[in-house]
Amino acid sequence: MDNDVKQENVQTPTPTPPAGIPGEETVTLVDLCSSDDSDLEREDVVERRYNSGNNPVGAKKRPRDTSGGSSASDMNDDVKKNKKPMMVDDELKVVLPEGFDQSIPPRHGVTHTIPAEDPCSVFTSMQPPPGRVGSCKQFWKAGDYEGAPGGNWDLSSGGFDHVRVHPKFLHSNATSHKWALGAFAELLDNALDEVASGATYVNVDMLEDKKEGHRMLLIEDNGGGMDPEKMRQCMSLGYSAKSKLANTIGQYGNGFKTSTMRLGADVIVFSRCPRKNGKSSTQSIGLLSYTFLRSTGKEDIVVPMLDYERRDTEWSKIVRSSLSDWDKNVKTIIQWSPFSSEEDLLLQFALMNDHGTRIIIYNLWEDDQGMLELDFDADPQDIQLRGVNRDEKNIKMAAQFPNSRHFLTYKHSLRSYASILYLRIPPSFRVILRGRDVEHHNVVNDMMQTEQITYRPQYGADSYVKDSNMSAVVILGFVKDAKHHVDVQGFNVYHKNRLIKPFWRIWNATGSDGRGVIGVLEANFVEPAHDKQGFERTTVLSRLETRLIQMQKIYWNTNCHKIGYAPRRNKNAGNEYGHSDKSPENDPEGYAPSGINTRASDKFYSSSYQNHRGDNGVSGKDSSMYLQEELRRERERSKALEAEVELARQKIEEMSKEQENLIEIFTEERDRRDVEEESLRNKLEEASNTIEELLNKIKMLEGSKGPSWRR
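Residues numbered from 1 in each chain as written. Predicted model: local features only at pLDDT ≥ 70, side-chain atom pairs only at ≥ 80, totals over all residues. Heavy atoms only, no water.

A. Molecular detail of the overall build of the chain. When its secondary structure is counted, the chain shows 15 helices and 21 strands. Evaluated residue by residue, the chain yields a buried proportion of 45% over its 711 residues. Looking at the chain alone, contacts between residues at least 24 apart form 68% of all its contacts between residues at least 6 apart. Of the accessible surface of the chain, which amounts to about 38000 Å², a share of 50% is contributed by carbon and sulfur atoms. (Helix = DSSP H or I, 4+ residues; strand = E, 2+ residues; numbered from the N terminus. Buried < 20%, exposed > 50% of the residue type's maximum accessible area, 1.4 Å probe, protein only. Contact = heavy atoms within 4.5 Å. Areas by Shrake-Rupley, 256 points an atom, 1.4 Å probe, with all protein chains shown as cover.)

B. Looking closely at the pairing of strand E11 (residues 314-317). Both strand E10 (residues 305-311) and E11 contribute to a ladder of 4 bridges, which runs antiparallel. Bridge pairing in E11 links Glu309 to Ser316. Counting the residues that bridge the hairpin from E10 to E11 gives 2 residues, and of these Asp312 lies at a positive phi of roughly 60°. (Pairing = 2+ DSSP bridges.)

C. Spatial organisation of helix H4 (residues 228-235). Turning to H4, its buried residues are Pro228, Met231, Arg232, Cys234 and Met235. Along H4, the residues classed as buried sweep out an arc of 155° about the axis, all on the same side. Buried positions along H4 lie against helix H5 (255-263), strand E8 (264-273), strand E9 (282-289) and E10. (Arc of directions from axis to C-beta.)

D. Here's a closer look at the packing of helix H3 (residues 180-193) against H5. Remark: H3 packs on H5, axes separated minimally by 8 Å, with the N-to-C direction vectors making an angle of 140°. Comparing the axis directions of H3 and H5 gives the class oblique. Relative to H5, H3 is oriented so that their crossing is left-handed. Between H3 and H5, the residues in contact are Ala180, Ala183, Phe184, Glu186, Leu187 and Asn190 and Gly255, Phe256, Ser259, Thr260, Arg262 and Leu263, respectively. (Axes fitted to C-alpha atoms, helices over the stretch in contact; angles between N-to-C directions. Parallel < 35°, antiparallel > 145°, perpendicular 65-115°, else oblique. Left-handed = near helix turned anticlockwise from the far one by under 90°.)

E. View of the pattern of salt bridges. On inspection of all chains with the given rule, the structure shows 24 salt bridges. Across the pair Asp189 and Arg498 runs a salt bridge, and its minimum N-O distance is 2.7 Å. With a gap of 309 residues between them, Asp189 in helix H3 and Arg498 in strand E20 (residues 498-504) connect regions that are remote in the sequence. Of the two residues, Asp189 and Arg498, neither departs from the other in class, the shared state being buried. Across the pair Glu653 and Arg649 runs a salt bridge whose closest N-O atoms are separated by 2.4 Å. Of this pair, Glu653 and Arg649 both sit in helix H14 (residues 620-705), separated by 4 residues, roughly a single helical turn. Assessed through its relative accessible area of 38%, Glu653 is described here as partly exposed. For Arg649, a relative accessible area of 36% translates into the label partly exposed. One salt-bridge network, held together by shared partners, links Glu669, Arg672, Arg673 and Glu676. (Salt bridge = Lys/Arg side-chain N within 4 Å of Asp/Glu carboxyl O.)

F. A look at the sheet that holds strand E15 (residues 430-433). Spatially, 9 strands are ordered E11-E10-E9-E8-E12-E7-E6-E15-E16 in an open sheet, and the strand pairing comes out mixed. Bordering the open sheet on either side are E11 and strand E16 (436-437), each of which pairs with just one other strand. Judged from the 2 bridges that link them, E15 and E16 form a sheet pairing that is antiparallel. The residue of E16 that forms the bridge with Leu433 is Arg436. Helix-sheet contacts for H5 involve strand E7 (215-221), E8, E9 and strand E12 (356-364), and the interaxial angle to E8 is about 130°. Set on the sheet, helix H8 (residues 342-350) makes contact with E8, E9, E10, E11 and E12; between it and E8 the angle comes to about 60°.

G. A look at the side chain of Gln533. Along the chain, the position of Gln533 falls in the loop between strand E21 (517-522) and helix H12 (539-559). Overall, Gln533 belongs to the buried group, its relative accessible area being 18%. Separated by 3.4 Å, the side chains of Gln533 and Tyr417 make a polar contact. Ignoring anything within four residues of it in the chain, the contact list for Gln533 reads Trp179, Gly182, Tyr417, Arg498, Ile500 and Lys501. (Polar contact = N/O pair within 3.5 Å; in protein donor to acceptor, adjacent residues only side chain to side chain.)

H. Broad picture of the sheet that holds E20. An order of E17-E18-E21-E19-E20 is seen for the 5 strands of this open sheet, with the pairing classed as mixed. With partners counted over all chains shown, the strands left at the sheet margins are strand E17 (447-455) and E20, one partner each. Averaged over neighbouring strand pairs, the angle between their axes works out to 15° when direction is ignored. Bridge count between strand E19 (residues 490-495) and E21: 5 bridges; the pairing is parallel. Following the sheet pairing, Tyr494 is matched in E21 by Glu522. On the sheet, H12 packs against E17, strand E18 (472-479), E19, E20 and E21 and is oriented at approximately 140° with respect to E17.

I. The confidence of the model for the chain, seen in detail. In this model, the chain carries a mean pLDDT of 75, and residues with pLDDT of at least 70 account for 65%. With pLDDT under 50 throughout, residues 128-133 is counted as low confidence; its partners more than four residues away or in other chains account for 11 contacts. Confidence over residues 571-619 falls short of pLDDT 50; this stretch has 87 contacts with residues more than four positions distant or in other chains. (pLDDT = per-residue confidence, 0-100.)

J. Expanded view of the environment of Asn363. You can see Asn363 is positioned in strand E12. Put simply, Asn363 and Gly264 are 99 residues apart on the chain and 5.4 Å apart in space, counted from C-alpha to C-alpha. A distance of 2.4 Å separates the side chain of Asn363 from the side chain of Asp266, its partner in a polar contact.

Encoded structure:
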């Protein structure tokens, strides 16, 4: 057989159909080259027809797409390399491996074996086809390509069609992250979830690509790592066992793909899993490269992977199909990754201990000016964002008002955002950013004059309630810089320890109302969106938002004068937005009625007709209890006003005493001056008398001497 692309007819004996397979039944196999243990599908589609009698047995192999697939000459080259005798069916004109209908015993060192003639041929053509669109370095424009034209959709497996995933989906899926720091949060979540497997740190850093000299991102942890099966689940869509585990953040099986593809076009993952449950230690390498898929015009997502197994003191290859396929995976990873050889790849495992995961994201996205979206130079110990998220005015204010620093800088600074990303963090776990630990920060420490209010969710009739006893403790107060009238406000809303809505501004009042009020709560009764930067819009969330607005209004109207604002008078502040939940210190019994009407007319109507139920299903009994609650709160307000009056009276008394002291001092001073004035008058009078006496004596002397004396 030569290397030319041509068909060759060879007469072959008819093999015997395998036992248990009907003679005329057709089986169609679809191969997406996923390299998954549980579902080894290939890109090539093979139809095998087993016939009874003397009918020929063969397989029809459909031609590959020209956009990066294998050609007939490539397949013939593989046959020559393997040097195995082949059978060729003269009817279907395709080469079959000898013993194709027989089971193949596994070789030593091979954990899974499939016919060597049927390789995962998508790796054979590495150069971009002529006319293929080049790589785009701007994230929001990187999805503008269509891949190879056409495609064979007349393929099925067992009578069912397979859904294909185009590589462009990697980009469109990543657009759920409008904010790049939200992508970092997904990767930090994965590392924190590994605390249960022994992780003590996650390290985020910047690396240099030795091949191209470009900058890359490193995210690594020393958790339990991933075995080959989990590595494939990580690279696939929707696989997640975390949703069934307690105290874990991940739940959708999509965060790794969206986050890495949002930060850069390509990612390579190194993971080492220790020996457990009788299984040997393993280490795996996986490449998810949008550049590779785009440049070679792939129509399906192809993920080259390498697996190794520790045997005694050495690491052995886990060959899933054939050594030629292994070599193709190695060649593909080396060509499209920052590493130059398999030895360079394996050196990455030397940088981790017996277990852990090392993620390297490269070909980082650029902005419209051709600069990296991520700014590594503004702060050598931080990773910041360029563009609209960076406000120089806020940066200057953060230096002036340190208690408002996180509000002013979290949008562009990863260090600032990561410090408030988790409500609680294990004492033994470290988040390291560019060589320096990120100091965990609780926004409650930035507050003064805090109050605690227990909120119990109000579920709608169509809501699915997991736990009816759920509640949230809302801590709110003034930021310590509020006396400077800084425009800082909003609620940090966490879900299962993870910050979902940072400084959620829900009261957009005109003027300065609400300024300086911040709050913190953990709301596990609302579901976060897939990007974990917001919540699903549900009735429960809407009612929570309404209640938080009410809390902020009541707190502001009651306390704004303490930070220099004019006192507000709002008689309806306490009942404008529904019932008020009781704080622990004010409500020892913990009672919190649900489903209360919010309108004044509804309250009056319910109290007038005790057995009537309004539109919201509030009974007269509930209305009465609500009015009692309002009365109790009014009494508390009266007591607060009495305390303020008493404080004012005390101040008046103090001022009166000060005034009396001043009057006494003034009187003493006046008396002293009067005495001094009287003394001066007396002295002046005495001096006048003395002068008069002297003048008289002079006259007498002049009279006694006569006129002759004058001459």
